[in-house]
Amino acid sequence: MAGWLGRRRQRQRRKKTRHRKTKRAKDVRGDFISSMPDEILHHILSFTVTISAIRTSALSRRWRHLWRELTSLYIHDFGPQARGINQILTHYTAPKIMSFHLGIYNDNHSTAQINSWIEFAMSRRVQDLSLTFFNHRKYTFPDFFNLSSSIEQLSVKLRDRHMIPGATVSWESLRNLSLRRCRIRDESIVKIISGCPKLEFLALYYCALFNCLDLSKSLSLTRLEMKHHPWLSRSTKIIAPNIHYLRLKTSDTCNLVDVSSLTEAYLDIGIDGNFSFSVDYLLTMVLKMIAKLQNVERLTVSKTVLQILSVAEIRRFPFRVLRVQTLIVKIKFVRSAIPGTAWLLQNSPGLKKLIVHTTDKGRMMDDKYVGSYLNSQGLKLDKYWRLKYGAFPTSCETYSMRSKDSTWKLLASFIECLLRNTKMLETLVVWLGGSDFNAKWFKGLLRMVPTLSDNTNVSIMLKLSNC
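Residues numbered from 1 in each chain as written. Predicted model: local features only at pLDDT ≥ 70, side-chain atom pairs only at ≥ 80, totals over all residues. Heavy atoms only, no water.

**Quick word on the overall build of the protein**
In plain terms, the rule: Under the DSSP-based scheme used, a helix requires at least four consecutive residues in state H or I and a strand at least two consecutive residues in state E, with every element numbered from the N terminus. Per-residue accessibility, obtained with a 1.4 Å probe over protein chains only, is compared with the maximum for each type, and a residue is labelled buried under 20%, exposed over 50%, and partly exposed between these values. The contact criterion used throughout is that any non-hydrogen atoms of two residues lie within 4.5 Å. Values of accessible area rely on a 1.4 Å probe in the Shrake-Rupley scheme; residue burial ignores everything except the protein chains shown.
Helices and strands together make up the secondary structure of the protein, namely 13 helices and 19 strands. Sorting the 467 residues of the protein into buried and exposed places 48% on the buried side. A sequence separation of at least 24 residues applies to 66% of the contacts in the protein between residues at least 6 apart. Per element, the accessible surface of the protein, about 24000 Å² overall, is 51% carbon and sulfur.

**Things to note about helix H8 (residues 303–314)**
Basically, it comes down to this: By this rule the span expected of a helix is its residue count minus one, scaled by 1.5 Å.
Look at H8: 17 Å from first C-alpha to last across 12 residues, which is about the 16 Å you get at 1.5 Å a residue. All buried positions along H8 are accounted for by Lys-303, Thr-304, Val-305, Leu-306, Gln-307, Ile-308, Leu-309, Ser-310, Val-311, Ala-312, Glu-313 and Ile-314.

**Let's talk about the pairing of strand E19 (residues 459–464)**
We apply this condition: Being paired, for any two strands, means DSSP has found at least two bridges between them.
Side chains Ile-460, Leu-462 and Leu-464 project from E19 onto a buried face, and the interleaved Ser-459, Met-461 and Lys-463 project onto a face without burial. Relative to E19, strand E18 (residues 427–432) runs parallel, the two being bridged by six bridges. Its bridge partner being in E19, Leu-428 is matched across the sheet by Ile-460.

**So, the sheet that holds strand E13 (residues 254–258)**
Stated precisely, the cut-off is as follows: Here the axes come from fitting lines to C-alpha atoms, over the contacting stretch only for helices, and the angles between their N-to-C directions go from 0 to 180 degrees.
One open sheet holds the three strands; their spatial order is E9-E11-E13, and the pairing between them is parallel. Only two strands of the sheet have a single neighbouring strand rather than two, namely strand E9 (212–214) and E13. Within this sheet the neighbouring strands show an average axis-to-axis angle of 15°, counted without direction. With three bridges joining them, E9 and strand E11 (residues 236–239) adopt parallel strand pairing.

**Focus: the state of the cysteines**
Two cysteines joined by a covalent bond between their sulfur atoms form a disulfide. How we decide: Whenever a pair of cysteine sulfur atoms sits within 2.5 Å, that pair is classed as a disulfide.
This model, assessed by the stated rule, comprises zero disulfides. Cysteine Cys-207 remains unbridged, with the sulfur of Cys-182 as its closest cysteine sulfur at 4.7 Å. In this structure Cys-207 comes out as buried when scored by relative accessible area, which is 3%.

**A few points about unusual backbone geometry**
Non-glycine residue Arg-181 carries a positive phi angle of around 55°. Relative to the elements of secondary structure, Arg-181 occurs in strand E7 (residues 176–183). Since its relative accessible area comes to 26%, Arg-181 is described here as partly exposed. Not every positive phi belongs to a glycine, and Arg-316 is a case in point at roughly 60°. Among the residues examined, Arg-316 registers a relative accessible area of 73% and is labelled exposed.

**Things to note about the pattern of salt bridges**
Under the convention used in this document: Criterion for a salt bridge: a side-chain nitrogen of Lys or Arg within 4 Å of a carboxyl oxygen of Asp or Glu.
If you walk through the whole model with that rule in mind, you get three salt bridges. One salt bridge in this structure joins Arg-175 and Glu-200, with 2.9 Å as the shortest N-O distance. Note that Arg-175 is positioned in the loop between strand E6 (170–171) and E7 and Glu-200 in the loop between helix H6 (186–194) and strand E8 (201–205), a separation of 25 residues in sequence. Between Asp-280 and Arg-315 there is a salt bridge, with the nearest N and O atoms lying 3.3 Å from each other. Highlighted residues: Asp-280 in helix H7 (residues 279–292) and Arg-315 in the loop between H8 and strand E16 (326–331), separated in sequence by 35 residues.

**Quick look at the pairing of strand E14 (residues 264–269)**
Within E14, five of the six residues are buried, leaving the element largely enclosed by the surrounding structure. Pairing of E14 with strand E15 (residues 298–301), which is carried by four bridges, proceeds in the parallel orientation. Within E15, the position partnered with Glu-264 by the bridge is Arg-298.

**Side note on the packing of H7 against H8**
Packed helices, taken two at a time, are described by their axes: the angle between them and the distance between them. Rule in force here: Orientation is classified from the angle alone, with under 35 degrees giving roughly parallel, over 145 giving roughly antiparallel, 65 to 115 giving roughly perpendicular, and any other angle giving oblique. Polar here means any residue outside two lists: the nonpolar Ala, Val, Leu, Ile, Met, Phe, Trp, Tyr, Cys and Pro, and the charged Asp, Glu, Lys and Arg; Gly therefore counts as polar.
Across the interface, H7 lies against H8 with an axial gap of 10 Å and an inter-helix angle of 100°. Put simply, H7 runs roughly perpendicular to H8. Facing Val-279, Leu-282, Leu-283, Val-286, Leu-287 and Ile-290 of H7, the residues of H8 in contact are Val-305, Ile-308, Leu-309, Val-311 and Ala-312. Grouping the constituent residues of the contact of H7 with H8 by class yields 11 nonpolar, no polar and no charged.

**Structural notes on the packing of H8 against helix H10 (residues 367–376)**
Operational definition: Here a crossing is called left-handed whenever its near helix is offset anticlockwise from the far helix by less than a right angle, and right-handed whenever the offset is clockwise.
Following both chains from N to C, one finds H8 and H10 inclined at 25°, their axes separated by 11 Å at the closest point. In terms of axis orientation, H8 runs roughly parallel to H10. In the crossing of H8 with H10, the sense of the turn from one axis to the other is right-handed. Contacts between H8 and H10 involve Gln-307, Val-311 and Ile-314 from the first element and Asp-367, Val-370, Tyr-373 and Leu-374 from the second.

**Focus on the nonpolar core**
Note the cut-off: Take the buried residues of types Ala, Val, Leu, Ile, Met, Phe, Trp, Tyr and Cys, join any two whose side-chain atoms come within 4.5 Å, and each joined set is a nonpolar core.
With 125 residues, the main nonpolar core has Phe-100, Phe-145 and Leu-428 as its most contacted residues. Ranked by residue count, the leading element in this core is H7, at eight residues.

**A few points about H10**
Note the threshold: Each C-beta atom gives one direction from the helix axis, and the arc is the one those directions make.
Every buried residue belonging to H10 is among Asp-367, Val-370, Gly-371, Tyr-373 and Leu-374, and all of these are buried. For H10, the buried positions fall inside an angular range of 160° around the axis, keeping them on one side. Set apart from the buried face of H10 by more than 90 degrees, the exposed residues are Lys-368 and Ser-376. Directly beyond the C-terminal end of H10, a positive phi value near 75° is found at Gly-378.

**Some words on the confidence of the model for the protein**
To keep things clear, this is the line we draw: Looking at any residue, its pLDDT shows the predictor's confidence there, from 0 to 100.
For the protein, the mean per-residue pLDDT works out to 80, and 77% of the residues sit at or above 70. In this model, residues 392–402 is a region of pLDDT below 50 whose contacts with residues beyond four sequence positions or in other chains number 27 contacts.

**Considerations on the side chain of Ser-310**
Definition in use: Think of a polar contact as two N or O atoms within 3.5 Å of one another; within protein, one of them needs to be a possible hydrogen donor and the other a possible acceptor, and neighboring residues in sequence only count if both atoms come from side chains.
With respect to the secondary-structure elements, Ser-310 resides in helix H8. Residue class for Ser-310 comes out buried when judged on its relative accessible area of 2%. Within the structure, the side chain of Ser-310 is placed 2.7 Å from the backbone oxygen of Ser-336, a separation counted as a polar contact.

**What to know about the environment of Leu-432**
Summarising the element assignment, Leu-432 is placed in strand E18. Expressed as a C-alpha distance, the spacing of Leu-432 and Thr-358, which sit 74 residues apart in the sequence, is 5.3 Å.

Laid out in C-alpha cells, this is it:
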C-alpha cells in the first residue's frame, strides 16, 4: 500500500512540474508581446475597427488601455448605438487623432449627437476625416464643419442628398477631397474650391446637380476623378486648365472646355439602354473628348470607347493626331472593338509603349447593336471586316472557344494587327485576362512570341493577369 501511494505522489509531482513548465513558457510568450513598444501595438490595432480594438483589452493587462491612445478611430453604428459611441469617445485619451472614420447607417441618431462626434474629432485636430451617412436623410452639416486648419484628407458619402456648405468654407490644409453620391450645386462647388487653397486631388463619384465644374482658380489642383450614374448625370462642363491627371467615367454629355495642361487621362463611357438610339450622340461626345486629349502623353481608354471609335473609323470621320507616348487599352476580342484600336494606333505616330488588357469583365455593347446602327447608315460591319482584316475571327464566340489552337491563332492575329498599325512602337505588353487563358496555355503562348517579333524591333511581353 505504501508503495502504491508513493508512486501516486510521484506522478502528481511530475504532473505539477509539467504544468509549471507550460505556464512558464506561456508567461515568456506573454512577456514578449507585452515588451513590444506602444507604437508597434498601436500600429497593429490601427488596422482594426475600433470596437475590435477595444475587445483586445481582455488579452492581458498590457493591452487593457492601449486602444484609448490609438491615433486612428473607425466607428460605425452597426454594433454600438449612440450610447456606445459616446462611451468610446469618453474613454479616449489620445491628444491628437490622425484618422477618424464615422459611419452612420441608422436613422435614430439626433443631429446634436452626430455633431458632437464630428466636433470631438475636429477638436483633436484630425487629419484624415471620413464620414458616411447611409440612411440619415435629415442631417445637415453644422457651420463648424466648414472651418478647419488641420484636415488634410476629407471623404463624404451622403447617399443622394444635398451637400450645402455654409456661408464660408475654410479648409486651409485640405489636399484630398472625395465626395460620393452628393447632390451639389455650382455655387457650392465654388465655395468649396475657394476655401481649399492647398487642394491637390478632387474626386466626385456619382454626384449630381452641378452644370459647370470650374476649377480654373485652383492653382494647386492637379488630379481630378469623376464618375457619373446614368440616372444622375446631366450635361456638365469641365474647366480645369491646371490639372495634369483626369479619370472620367460618364454616360452623359461631358464637355471638356479647358484641360490644356493634361498629361495623363483615363476615359470610360458607361452605356445604358439600346446603343442604336444614342450612337450619334455618343460618337460626337467621344470625338470631342479625344480632340481635347490630343496633347496627353499617357492615355487609357475602355472597351466602350474603342467600340465608339470603331464606328468613327468605319464611317471615316476625321480624327486629330495624338501625341500619346503610352497607350493603355481595355479590350475584349469582339469585332466592334478592333477597328477603334487600330484607328487609335494609326493616329498616334509617336507611340512608344502599348499596354493591352484583355478581359471579359464589365459591360460593353453587343456587336449586333453596332451592326444595326451601321446598317442604318448603309454600311456593313461584316463587309468592312473582310476587306480590312481578312481571315481574322469574325465573332466573339471564337474568343470563348476552348480550342488551344484557336486561341493562339486569335491572339497572334490580334498582335500582328497591332504591329501593322504602329511605326515607332518600342514595347508591347499584353495582359491576358478572363477565363479563357490559364497557366497551362500561357506557356504555349510564350513560345509564339518570337515568331511575331522577328521582323520588328518591338519588345513583346505576354503576362497572365489572373494568376
